[in-house]
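Residue strings, one per chain:
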Amino acid sequence: MQPLNRRNKLFLSSRIREMTILANENKAINLAQGFPEFAPPEKLTDTLERISTEKVHQYAPNWGISELREKIALKQSGSFGLDVSPEEVLVTCGSTEAMISCQMALFNEGEKVAIFSPYYNSYEANALITGVEPLFINLDPPDFALDLNRVEDVLKKGVKALILCNPANPEGKVFTREELLGIASLAEKYDIYVITDEVYEHIIFNPYVHINFASLPGMFERTLTCSSLSKTYSVTGWRLGYVTGPENLLREVRKYHDFFTVCAPTPLQTAAVTALGFDRDYYDELIQLYTEKRRILTEGLDDIGIRHTTPQGSYFVLANISEFGYESDVDFAHHLVADYKIAGVPGSCFFADRRNDYIRFHFAKNDVTLYEVLERLRKLKKGEPL
Ligand SMILES: Cc1ncc(COP(=O)(O)O)c(C=O)c1O
(Lines give C-alpha, C1' and ligand atoms only; values in the text may rest on other atoms or scores of the structure.)
Protein backbone atom coordinates (compact mmCIF):
# COMPACT_ATOMS: atom_id res chain seq x y z
CA MET A 1 0.00 0.00 0.00
CA GLN A 2 1.27 3.48 -0.77
CA PRO A 3 2.18 5.69 2.17
CA LEU A 4 -0.39 8.24 3.31
CA ASN A 5 0.08 12.00 3.34
CA ARG A 6 3.32 12.82 5.18
CA ARG A 7 1.55 15.77 6.82
CA ASN A 8 -0.58 13.32 8.85
CA LYS A 9 2.40 12.89 11.15
CA LEU A 10 2.84 16.61 11.74
CA PHE A 11 -0.13 17.04 14.04
CA LEU A 12 -2.19 14.99 16.45
CA SER A 13 -5.91 15.07 16.94
CA SER A 14 -6.87 17.88 19.28
CA ARG A 15 -5.83 17.47 22.91
CA ILE A 16 -9.08 19.19 23.85
CA ARG A 17 -11.22 16.53 22.21
CA GLU A 18 -8.95 13.82 23.62
CA MET A 19 -9.65 15.13 27.14
CA THR A 20 -13.36 15.11 26.36
CA ILE A 21 -13.13 11.41 25.50
CA LEU A 22 -11.33 10.80 28.81
CA ALA A 23 -13.98 12.86 30.62
CA ASN A 24 -16.70 10.62 29.19
CA GLU A 25 -14.79 7.42 29.93
CA ASN A 26 -14.20 8.51 33.52
CA LYS A 27 -17.68 10.03 34.00
CA ALA A 28 -15.90 13.24 34.93
CA ILE A 29 -17.04 16.87 34.82
CA ASN A 30 -15.82 18.16 31.48
CA LEU A 31 -14.10 21.52 31.87
CA ALA A 32 -11.94 20.71 28.85
CA GLN A 33 -14.01 21.28 25.73
CA GLY A 34 -15.53 24.75 25.90
CA PHE A 35 -19.22 24.41 25.35
CA PRO A 36 -22.08 25.61 27.55
CA GLU A 37 -23.78 23.16 29.86
CA PHE A 38 -26.94 25.24 29.70
CA ALA A 39 -29.57 25.62 26.98
CA PRO A 40 -29.47 28.20 24.18
CA PRO A 41 -31.96 31.10 24.36
CA GLU A 42 -35.51 29.82 24.16
CA LYS A 43 -36.43 32.28 21.41
CA LEU A 44 -33.82 30.64 19.24
CA THR A 45 -34.84 27.04 19.86
CA ASP A 46 -38.50 28.02 19.44
CA THR A 47 -37.67 29.49 16.04
CA LEU A 48 -35.82 26.34 15.05
CA GLU A 49 -38.81 24.23 16.00
CA ARG A 50 -41.21 26.54 14.16
CA ILE A 51 -39.24 26.59 10.90
CA SER A 52 -38.62 22.85 10.87
CA THR A 53 -41.67 22.28 8.66
CA GLU A 54 -40.82 25.14 6.29
CA LYS A 55 -38.76 24.96 3.10
CA VAL A 56 -35.38 25.05 4.77
CA HIS A 57 -34.08 21.56 4.12
CA GLN A 58 -32.09 21.96 0.92
CA TYR A 59 -28.73 23.56 0.13
CA ALA A 60 -28.41 27.21 1.00
CA PRO A 61 -26.56 29.62 -1.30
CA ASN A 62 -22.87 28.88 -0.92
CA TRP A 63 -22.12 32.24 0.74
CA GLY A 64 -25.07 32.03 3.18
CA ILE A 65 -28.75 32.93 3.10
CA SER A 66 -29.28 36.60 2.36
CA GLU A 67 -31.39 37.36 5.49
CA LEU A 68 -28.56 36.17 7.72
CA ARG A 69 -25.82 37.91 5.76
CA GLU A 70 -27.83 41.14 5.91
CA LYS A 71 -28.11 40.90 9.70
CA ILE A 72 -24.42 40.10 10.09
CA ALA A 73 -23.50 42.97 7.77
CA LEU A 74 -25.62 45.33 9.87
CA LYS A 75 -23.99 44.12 13.08
CA GLN A 76 -20.49 44.45 11.66
CA SER A 77 -21.26 47.90 10.23
CA GLY A 78 -22.09 49.05 13.76
CA SER A 79 -19.00 47.41 15.27
CA PHE A 80 -16.54 48.44 12.56
CA GLY A 81 -17.91 51.97 12.14
CA LEU A 82 -18.01 51.28 8.37
CA ASP A 83 -20.65 50.33 5.89
CA VAL A 84 -20.27 46.55 5.55
CA SER A 85 -22.38 45.09 2.75
CA PRO A 86 -23.88 41.56 2.72
CA GLU A 87 -21.43 40.81 -0.13
CA GLU A 88 -18.67 41.28 2.41
CA VAL A 89 -20.03 38.47 4.61
CA LEU A 90 -19.57 34.73 4.14
CA VAL A 91 -21.46 32.28 6.38
CA THR A 92 -19.32 29.25 7.25
CA CYS A 93 -19.46 26.05 9.31
CA GLY A 94 -18.16 27.69 12.46
CA SER A 95 -15.18 29.93 12.95
CA THR A 96 -13.08 26.77 12.63
CA GLU A 97 -13.94 26.37 8.96
CA ALA A 98 -13.81 30.13 8.45
CA MET A 99 -10.22 30.27 9.70
CA ILE A 100 -8.89 27.44 7.55
CA SER A 101 -10.73 28.70 4.46
CA CYS A 102 -9.11 32.11 5.02
CA GLN A 103 -5.68 30.53 5.34
CA MET A 104 -6.22 28.50 2.17
CA ALA A 105 -7.12 31.65 0.28
CA LEU A 106 -4.13 33.67 1.49
CA PHE A 107 -1.17 31.33 1.60
CA ASN A 108 1.05 29.45 -0.79
CA GLU A 109 2.92 26.48 0.62
CA GLY A 110 6.12 27.45 2.39
CA GLU A 111 4.95 30.94 3.38
CA LYS A 112 4.88 32.11 7.00
CA VAL A 113 2.09 32.90 9.44
CA ALA A 114 2.57 34.70 12.78
CA ILE A 115 0.63 33.38 15.78
CA PHE A 116 0.56 34.76 19.32
CA SER A 117 1.40 32.18 21.95
CA PRO A 118 -0.49 30.96 23.94
CA TYR A 119 -2.86 30.10 21.12
CA TYR A 120 -5.96 28.11 20.25
CA ASN A 121 -4.85 24.74 18.87
CA SER A 122 -6.41 24.91 15.46
CA TYR A 123 -4.15 27.77 14.31
CA GLU A 124 -1.05 25.62 14.39
CA ALA A 125 -2.87 22.65 12.87
CA ASN A 126 -4.19 24.89 10.08
CA ALA A 127 -0.69 26.08 9.34
CA LEU A 128 0.59 22.51 9.15
CA ILE A 129 -2.34 21.38 7.00
CA THR A 130 -1.79 24.22 4.56
CA GLY A 131 1.99 23.75 4.47
CA VAL A 132 2.62 27.13 6.07
CA GLU A 133 5.35 27.75 8.64
CA PRO A 134 4.03 29.05 11.97
CA LEU A 135 6.19 31.66 13.73
CA PHE A 136 5.16 32.38 17.31
CA ILE A 137 5.13 35.63 19.23
CA ASN A 138 5.23 34.92 22.96
CA LEU A 139 2.94 36.72 25.36
CA ASP A 140 4.37 35.96 28.78
CA PRO A 141 2.33 35.06 31.85
CA PRO A 142 1.14 36.30 34.23
CA ASP A 143 -0.10 39.44 32.42
CA PHE A 144 0.40 38.39 28.76
CA ALA A 145 1.38 41.96 27.85
CA LEU A 146 2.12 42.68 24.21
CA ASP A 147 5.70 43.58 23.34
CA LEU A 148 5.60 45.26 19.93
CA ASN A 149 9.34 44.68 19.46
CA ARG A 150 8.67 40.95 19.59
CA VAL A 151 5.86 41.35 17.07
CA GLU A 152 8.13 43.28 14.73
CA ASP A 153 10.97 40.78 15.12
CA VAL A 154 8.66 38.06 13.85
CA LEU A 155 6.83 40.05 11.18
CA LYS A 156 10.07 41.16 9.56
CA LYS A 157 10.94 37.51 8.85
CA GLY A 158 8.71 37.56 5.77
CA VAL A 159 5.38 36.80 7.41
CA LYS A 160 2.35 37.04 5.12
CA ALA A 161 -0.45 37.08 7.70
CA LEU A 162 -0.92 37.35 11.44
CA ILE A 163 -3.57 35.47 13.41
CA LEU A 164 -5.18 37.55 16.13
CA CYS A 165 -7.49 35.88 18.62
CA ASN A 166 -9.30 38.57 20.58
CA PRO A 167 -10.55 37.94 23.27
CA ALA A 168 -7.93 35.24 23.40
CA ASN A 169 -8.26 31.59 24.26
CA PRO A 170 -6.74 30.25 26.55
CA GLU A 171 -5.47 33.20 28.62
CA GLY A 172 -8.48 35.49 28.24
CA LYS A 173 -6.48 38.50 27.08
CA VAL A 174 -8.43 41.39 25.57
CA PHE A 175 -6.19 43.52 23.38
CA THR A 176 -6.33 47.24 24.19
CA ARG A 177 -6.85 49.88 21.51
CA GLU A 178 -3.24 50.94 21.95
CA GLU A 179 -1.99 47.38 21.42
CA LEU A 180 -4.21 46.94 18.37
CA LEU A 181 -3.04 50.24 16.89
CA GLY A 182 0.55 49.09 17.40
CA ILE A 183 -0.17 45.84 15.55
CA ALA A 184 -2.02 47.79 12.83
CA SER A 185 0.93 50.07 12.16
CA LEU A 186 3.22 47.03 11.85
CA ALA A 187 0.72 45.29 9.57
CA GLU A 188 0.88 48.33 7.33
CA LYS A 189 4.67 48.66 7.55
CA TYR A 190 5.27 45.03 6.56
CA ASP A 191 2.20 44.73 4.31
CA ILE A 192 0.67 41.88 6.28
CA TYR A 193 -2.86 40.46 6.22
CA VAL A 194 -4.60 39.85 9.53
CA ILE A 195 -6.99 36.97 10.18
CA THR A 196 -8.90 37.53 13.38
CA ASP A 197 -10.80 35.05 15.51
CA GLU A 198 -13.36 36.93 17.59
CA VAL A 199 -15.64 34.14 18.77
CA TYR A 200 -15.59 35.53 22.34
CA GLU A 201 -16.37 39.12 21.31
CA HIS A 202 -19.49 39.15 23.50
CA ILE A 203 -17.97 37.40 26.52
CA ILE A 204 -16.00 40.27 27.90
CA PHE A 205 -15.69 41.49 31.48
CA ASN A 206 -15.98 44.99 32.83
CA PRO A 207 -13.96 47.25 32.39
CA TYR A 208 -12.56 45.63 29.23
CA VAL A 209 -14.05 46.42 25.84
CA HIS A 210 -13.85 44.53 22.60
CA ILE A 211 -12.44 46.40 19.62
CA ASN A 212 -12.66 44.77 16.20
CA PHE A 213 -9.30 44.96 14.48
CA ALA A 214 -11.08 45.73 11.19
CA SER A 215 -12.51 48.91 12.75
CA LEU A 216 -9.05 50.52 13.01
CA PRO A 217 -8.15 53.07 10.33
CA GLY A 218 -7.12 51.34 7.10
CA MET A 219 -7.39 47.81 8.52
CA PHE A 220 -10.65 46.59 6.93
CA GLU A 221 -8.88 46.19 3.58
CA ARG A 222 -6.28 43.76 4.95
CA THR A 223 -8.37 41.94 7.57
CA LEU A 224 -10.50 38.82 7.44
CA THR A 225 -12.65 38.88 10.58
CA CYS A 226 -13.86 35.44 11.67
CA SER A 227 -16.53 35.01 14.27
CA SER A 228 -19.20 32.58 15.27
CA LEU A 229 -22.59 32.00 16.79
CA SER A 230 -21.23 29.11 18.88
CA LYS A 231 -20.33 30.97 22.04
CA THR A 232 -22.51 34.07 21.80
CA TYR A 233 -25.75 32.10 21.53
CA SER A 234 -24.64 28.85 23.26
CA VAL A 235 -25.03 26.79 20.08
CA THR A 236 -21.61 25.21 19.53
CA GLY A 237 -23.28 22.24 17.81
CA TRP A 238 -24.94 24.37 15.16
CA ARG A 239 -21.59 24.94 13.48
CA LEU A 240 -22.37 28.44 12.28
CA GLY A 241 -19.69 31.06 11.83
CA TYR A 242 -18.87 33.82 9.43
CA VAL A 243 -16.09 35.79 7.81
CA THR A 244 -16.33 39.50 7.10
CA GLY A 245 -13.84 41.19 4.81
CA PRO A 246 -13.28 43.09 1.59
CA GLU A 247 -14.95 41.46 -1.38
CA ASN A 248 -11.73 40.85 -3.30
CA LEU A 249 -10.41 38.65 -0.46
CA LEU A 250 -13.73 37.10 0.47
CA ARG A 251 -14.38 35.97 -3.10
CA GLU A 252 -11.34 33.69 -2.83
CA VAL A 253 -12.22 32.43 0.66
CA ARG A 254 -15.68 31.56 -0.65
CA LYS A 255 -14.21 29.15 -3.21
CA TYR A 256 -12.61 27.04 -0.47
CA HIS A 257 -15.76 27.17 1.62
CA ASP A 258 -17.68 25.94 -1.44
CA PHE A 259 -15.50 22.88 -1.97
CA PHE A 260 -15.01 22.12 1.73
CA THR A 261 -18.65 22.29 2.82
CA VAL A 262 -20.90 23.64 0.00
CA CYS A 263 -22.76 25.72 2.59
CA ALA A 264 -23.62 25.95 6.27
CA PRO A 265 -26.81 24.09 7.33
CA THR A 266 -29.87 25.87 5.92
CA PRO A 267 -32.33 25.32 8.82
CA LEU A 268 -29.80 26.59 11.32
CA GLN A 269 -28.92 29.63 9.21
CA THR A 270 -32.63 30.39 8.96
CA ALA A 271 -33.14 30.12 12.72
CA ALA A 272 -29.99 32.15 13.38
CA VAL A 273 -31.58 35.23 11.82
CA THR A 274 -33.59 35.46 15.06
CA ALA A 275 -30.41 35.48 17.16
CA LEU A 276 -28.81 38.25 15.16
CA GLY A 277 -31.96 40.27 15.89
CA PHE A 278 -31.60 40.10 19.71
CA ASP A 279 -31.45 43.48 21.41
CA ARG A 280 -28.77 44.93 23.70
CA ASP A 281 -30.32 43.29 26.80
CA TYR A 282 -29.41 39.84 25.52
CA TYR A 283 -25.72 40.69 25.31
CA ASP A 284 -25.73 42.48 28.67
CA GLU A 285 -27.31 39.44 30.31
CA LEU A 286 -24.74 37.17 28.70
CA ILE A 287 -21.96 39.25 30.24
CA GLN A 288 -23.68 39.19 33.63
CA LEU A 289 -24.07 35.42 33.43
CA TYR A 290 -20.40 34.83 32.66
CA THR A 291 -19.20 37.47 35.13
CA GLU A 292 -20.90 35.50 37.90
CA LYS A 293 -19.44 32.19 36.68
CA ARG A 294 -15.98 33.73 36.51
CA ARG A 295 -16.45 35.03 40.07
CA ILE A 296 -17.51 31.61 41.39
CA LEU A 297 -14.54 29.82 39.86
CA THR A 298 -11.82 32.40 40.51
CA GLU A 299 -12.90 33.19 44.10
CA GLY A 300 -13.21 29.47 44.74
CA LEU A 301 -9.69 28.83 43.46
CA ASP A 302 -8.40 31.72 45.59
CA ASP A 303 -10.09 30.24 48.62
CA ILE A 304 -8.54 26.83 48.00
CA GLY A 305 -5.16 28.41 47.31
CA ILE A 306 -4.70 27.47 43.66
CA ARG A 307 -3.13 30.25 41.60
CA HIS A 308 -4.83 31.08 38.32
CA THR A 309 -5.27 33.63 35.57
CA THR A 310 -8.35 35.87 35.61
CA PRO A 311 -9.68 36.31 32.08
CA GLN A 312 -10.55 39.74 30.70
CA GLY A 313 -12.72 37.99 28.12
CA SER A 314 -13.66 34.41 27.06
CA TYR A 315 -14.60 31.69 29.53
CA PHE A 316 -11.31 30.05 30.48
CA VAL A 317 -8.92 30.14 33.39
CA LEU A 318 -5.43 28.72 33.46
CA ALA A 319 -4.90 27.11 36.85
CA ASN A 320 -1.29 26.91 37.97
CA ILE A 321 -0.41 23.33 38.87
CA SER A 322 3.31 23.71 39.53
CA GLU A 323 2.83 23.16 43.29
CA PHE A 324 1.51 19.62 42.68
CA GLY A 325 4.96 18.47 41.63
CA TYR A 326 4.18 16.83 38.30
CA GLU A 327 6.85 16.95 35.61
CA SER A 328 4.22 16.66 32.90
CA ASP A 329 0.97 18.57 32.80
CA VAL A 330 -0.46 15.74 30.69
CA ASP A 331 0.18 13.30 33.55
CA PHE A 332 -1.43 15.74 35.95
CA ALA A 333 -4.50 16.08 33.68
CA HIS A 334 -4.78 12.28 33.53
CA HIS A 335 -4.54 12.07 37.34
CA LEU A 336 -7.20 14.79 37.69
CA VAL A 337 -9.64 13.12 35.35
CA ALA A 338 -9.14 9.60 36.72
CA ASP A 339 -8.97 10.34 40.44
CA TYR A 340 -10.94 13.57 40.90
CA LYS A 341 -13.29 13.27 37.90
CA ILE A 342 -12.46 16.68 36.48
CA ALA A 343 -11.28 17.07 32.90
CA GLY A 344 -9.10 20.05 32.00
CA VAL A 345 -6.71 20.64 29.13
CA PRO A 346 -2.94 20.40 29.70
CA GLY A 347 -1.66 23.93 29.14
CA SER A 348 1.40 22.78 27.20
CA CYS A 349 -0.70 22.33 24.07
CA PHE A 350 -1.40 26.06 23.99
CA PHE A 351 2.14 27.35 24.47
CA ALA A 352 4.77 27.38 21.75
CA ASP A 353 7.45 26.89 24.41
CA ARG A 354 5.39 23.96 25.78
CA ARG A 355 5.45 25.26 29.37
CA ASN A 356 3.65 22.73 31.46
CA ASP A 357 2.59 24.52 34.62
CA TYR A 358 -1.03 25.16 33.64
CA ILE A 359 -4.30 23.32 33.21
CA ARG A 360 -7.07 25.10 31.32
CA PHE A 361 -10.59 24.98 32.74
CA HIS A 362 -13.66 26.49 31.11
CA PHE A 363 -16.49 27.87 33.17
CA ALA A 364 -19.46 27.70 30.79
CA LYS A 365 -21.09 25.43 33.34
CA ASN A 366 -24.09 25.58 35.62
CA ASP A 367 -23.19 27.19 38.96
CA VAL A 368 -23.88 23.96 40.83
CA THR A 369 -21.33 22.16 38.63
CA LEU A 370 -18.73 24.83 39.31
CA TYR A 371 -19.26 24.46 43.07
CA GLU A 372 -18.86 20.69 42.73
CA VAL A 373 -15.60 21.19 40.83
CA LEU A 374 -14.34 23.44 43.62
CA GLU A 375 -15.21 20.81 46.25
CA ARG A 376 -13.20 18.24 44.31
CA LEU A 377 -10.27 20.62 43.84
CA ARG A 378 -10.30 21.34 47.57
CA LYS A 379 -9.84 17.62 48.22
CA LEU A 380 -7.06 17.45 45.65
CA LYS A 381 -5.28 20.34 47.33
CA LYS A 382 -5.57 18.68 50.74
CA GLY A 383 -4.35 15.40 49.29
CA GLU A 384 -7.60 13.66 50.21
CA PRO A 385 -9.21 11.11 47.90
CA LEU A 386 -12.50 11.97 46.22
C1 LIG B 1 -10.64 30.81 19.98
C2 LIG B 1 -11.61 29.87 19.39
N3 LIG B 1 -11.86 29.94 18.08
C4 LIG B 1 -12.74 29.11 17.49
C5 LIG B 1 -13.41 28.16 18.22
C6 LIG B 1 -14.37 27.26 17.52
O7 LIG B 1 -15.44 28.06 17.06
P8 LIG B 1 -16.58 27.42 16.16
O9 LIG B 1 -17.46 26.61 17.04
O10 LIG B 1 -17.27 28.63 15.63
O11 LIG B 1 -15.93 26.63 15.10
C12 LIG B 1 -13.17 28.03 19.58
C13 LIG B 1 -13.84 26.97 20.37
O14 LIG B 1 -13.53 26.70 21.49
C15 LIG B 1 -12.25 28.91 20.18
O16 LIG B 1 -11.99 28.85 21.48
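Residues numbered from 1 in each chain as written. Predicted model: local features only at pLDDT ≥ 70, side-chain atom pairs only at ≥ 80, totals over all residues.

Asker: For this particular structure, what's the right way to read the overall build of the chain?
Answerer: Helix and strand counts for the chain come out as 12 helices and 12 strands. Relative to its length of 386 residues, the chain is compact, with a C-alpha radius of gyration of 21 Å against a globular reference of 21 Å. Taking the principal axes of its C-alpha atoms as reference, the chain extends roughly 60 × 55 × 55 Å. By residue count, 44% of the 386 residues in the chain fall in the buried class. Of the contacts made within the chain by residues no fewer than 6 positions apart, 73% connect residues no fewer than 24 positions apart. (Helix = DSSP H or I, 4+ residues; strand = E, 2+ residues; numbered from the N terminus. Rg over C-alpha atoms; globule rule 2.2 N^0.38 Å. Buried ≥ 20, exposed ≤ 12 C-beta atoms within 10 Å, placed from the backbone. Contact = placed C-beta atoms within 7 Å.)

Asker: Could you clarify how one ought to interpret the packing of helix α3 (residues 66–80) against helix α9 (residues 266–276) in this entry?
Answerer: Any two packed helices are characterised by how steeply their axes cross, that is the angle between the axes, and by the distance between the axes. Where α3 contacts α9, the axes come no closer than 8 Å and their chain directions differ by 30°. The angle between α3 and α9 falls in the class roughly parallel. Seen along the crossing, α3 lies across α9 with a hand that is left-handed. Contacts between α3 and α9 involve E67, L68, K71, I72 and K75 from the first element and Q269, A272, V273 and L276 from the second. In the contact of α3 with α9, the residues fall into five nonpolar, one polar and three charged. (Axes fitted to C-alpha atoms, helices over the stretch in contact; angles between N-to-C directions. Parallel < 35°, antiparallel > 145°, perpendicular 65-115°, else oblique. Left-handed = near helix turned anticlockwise from the far one by under 90°. Nonpolar A, V, L, I, M, F, W, Y, C, P; charged D, E, K, R; others polar.)

Asker: Where do I start with the domain arrangement of the chain in this structure?
Answerer: A common way to report how large an interface is uses the accessible area buried once the components associate. We note that the domain assignment places domain 1 (6–40 + 281–380) and domain 2 (54–276) within the chain. Each of domain 1 and domain 2 was reduced to a C-alpha centroid, and the two centroids are 24 Å apart. Opposite the 30 residues of domain 1 that make contact, domain 2 presents 29 residues. Of all the secondary structure elements, the ones that give two or more residues to the side of domain 1 that touches domain 2 are α1 (15–25), α10 (280–304) and β9 (316–320). The element that contributes the greatest number of residues to the side of domain 1 that touches domain 2 is α10, accounting for six residues. (Domains from an automatic or database assignment.)

Asker: Mind showing me how you'd approach helix α8 (residues 247–261) here?
Answerer: Note that an α-helix has 3.6 residues per turn; residues three or four places apart therefore point the same way. End to end, α8 covers 20 Å across 15 residues, agreeing with the expected 21 Å (1.5 Å per residue, within 8%). On its buried face, α8 is in contact with β2 (89–92), α4 (94–106), β7 (223–228) and β8 (241–244). Residue V262 follows α8 closely and has a positive phi angle near 70°. (Expected span 1.5 Å × (residues − 1).)

Asker: Could you clarify how one ought to interpret α9 in this entry?
Answerer: Listing the buried residues of α9 in full gives L268, Q269, T270, A271, A272 and A275. Packed against the buried residues of α9 are α2 (42–51), α3 and β2.

Asker: Can you help me understand the packing of α4 against α8 in this one?
Answerer: Where α4 contacts α8, the two axes come as close as 8 Å, and the packing angle between them is 120°. Relative to α8, the element α4 is oriented oblique. Of the two possible hands of crossing, α4 and α8 adopt the one that is right-handed. Contacts from E97, S101, C102, M104 and A105 in α4 reach L249, E252, V253, Y256, H257, F260 and T261 in α8. Here the contact of α4 with α8 is built from residues that sort into seven nonpolar, three polar and two charged.

Asker: Quick question: what am I supposed to make of the sheet that holds strand β4 (residues 133–138) here?
Answerer: Paired through backbone hydrogen bonds, the strands of a sheet run either parallel or antiparallel to each other. On the basis of which strands lie adjacent, the open sheet formed by seven strands has the order β2-β8-β7-β6-β5-β3-β4 and mixed pairing. Bordering the open sheet on either side are β2 and β4, each of which pairs with just one other strand. On average, adjacent strands in this sheet sit at an angle of 20° to one another, irrespective of strand direction. As judged from the six bridges shared by strand β3 (residues 112–117) and β4, these two strands associate in the parallel manner. Residue pairing across strands places K112 opposite E133, the latter belonging to β4. (Pairing = 2+ DSSP bridges.)

Asker: What exactly am I supposed to notice about the pairing of strand β5 (residues 159–165) here?
Answerer: Side-chain direction in a regular strand flips from residue to residue, so the side chains alternate between the two faces of the sheet. Burial of β5 is extensive: six of the seven residues sit out of reach of the surface. Pairing of β3 with β5 involves four bridges; the strand directions are parallel. Following the sheet pairing, K112 is matched in β5 by V159. Pairing of β5 with strand β6 (residues 193–197), which is carried by five bridges, proceeds in the parallel orientation. Its bridge partner lying in β6, C165 is registered against D197. Following the chain from β5 across helix α7 (residues 177–189) to the adjacent parallel β6, one finds a crossover that is right-handed. (Right-handed = clockwise from strand over helix to strand, strands pointing away.)

Asker: Would you take a moment to explain the sheet that holds strand β12 (residues 358–362) for this structure?
Answerer: Read from one edge of the open sheet, three strands run β9-β12-β11, paired in antiparallel fashion. Edge positions in the sheet fall to β9 and β11 (345–346), since each of these pairs with one other strand and no more.

Asker: Would you take a moment to explain the environment of P246 for this structure?
Answerer: Checked against the element boundaries, P246 lands in the loop between β8 and α8. Residues P246 and E87, spaced 159 residues apart in sequence, show a C-alpha to C-alpha distance of 8.6 Å.

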